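# Structure assessment
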Amino acid sequence: MTYVLKFFGFLLRGFRRAEDGGPSVEFVIVFFPFVVLPVAGFEMGLLMTRHAMLERGLDIAIREVRLNTNDDVTEDTLKKAVCNHAGILPNCLTSVRLEMRPIDLFHSGANADNEIPSEASCVDISDPFQPARNFEAGVDNEVMIVRACGVFSPMLPKFGLGSFLADPDDGLYRLVALSAFVMEPL
């Protein structure tokens, strides 16, 4: 038994004194952060670009709705307008869900009937043909709230920032854009 312990002690001393592979250890320690940081930067840049384009598409589409009060607005027409103006959103028509509701400013607060839900209603990828949660076209001089929620997949869902962004259930992250406007009178 002592012979085995002495043999292992000899091997460990030799391993400790050897300088072979020293740069490999440094490479392994330093390489991972140098790969993760640029990939996380690209992932964050893609996320911010998608969010900015969703906001832009919603703002331009809402401007068209606000100025054309005589046209009936449906979720499909507004979604097409948002997706046309958003540009780079992948599968926009199936990954974005809209919610539009009037707000009565005279009866607002915690006990009001028109309180906006805190969580946005997003698309369920397993059932993409869900009806809108609440989509009502407004009338003249009415304050409207419009919320768009899009679900998108990360560039690298199992690596770096993508693993933190993605929902563990479906591997997607959600982006929400909100806009408020007053329907212009004719």
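Everything here concerns the structure above.
The notes below deal with the structure included here. (Residues numbered from 1 in each chain as written. Predicted model: local features only at pLDDT ≥ 70, side-chain atom pairs only at ≥ 80, totals over all residues. Heavy atoms only, no water.)

### Concerning the sheet that holds strand S1 (residues 96-103)
Overall, antiparallel pairing links the 3 strands, which are arranged S1-S2-S3 in an open sheet. For this open sheet the edge positions go to S1 and strand S3 (173-182), each flanked by a neighbour on one side alone. On average, each strand axis in the sheet is tilted by 15° relative to the strand beside it, whichever way the strands run. In this structure, strand S2 (residues 143-152) lies alongside S3, joined through 10 bridges in antiparallel fashion. Its bridge partner being in S3, Ile145 is matched across the sheet by Ala180. (Pairing = 2+ DSSP bridges. Helix = DSSP H or I, 4+ residues; strand = E, 2+ residues; numbered from the N terminus. Axes fitted to C-alpha atoms, helices over the stretch in contact; angles between N-to-C directions.)

### Here's the deal with the packing of aromatic side chains
Enumeration according to the criterion identifies 2 aromatic pairs in this entry. With 6.3 Å between their ring centres and 85° between their planes, Phe32 and Phe159 make a pair best called edge-to-face. Of this pair, Phe32 sits in helix H2 (residues 22-67) while Phe159 sits in the loop between S2 and helix H5 (161-165), and the two are 127 residues apart along the sequence. Note on Phe32: relative accessible area 52%, which makes it exposed. Residue Phe159 is classed as partly exposed on the basis of its relative accessible area of 27%. (Phe/Tyr/Trp six-rings, centres within 6.5 Å; stacked < 30°, edge-to-face > 60°. Buried < 20%, exposed > 50% of the residue type's maximum accessible area, 1.4 Å probe, protein only.)

### Re helix H3 (residues 75-86)
Between the first and last C-alpha of H3 there are 16 Å, a value that for 12 residues agrees with the 16 Å anticipated at 1.5 Å per step. Of the residues making up H3, those classed as buried are Glu75, Leu78, Lys79, Ala81, Val82, Cys83 and Ala86. Note on H3: the residue one or two positions beyond its end, Gly87, has a positive phi of about 85°. (Expected span 1.5 Å × (residues − 1).)

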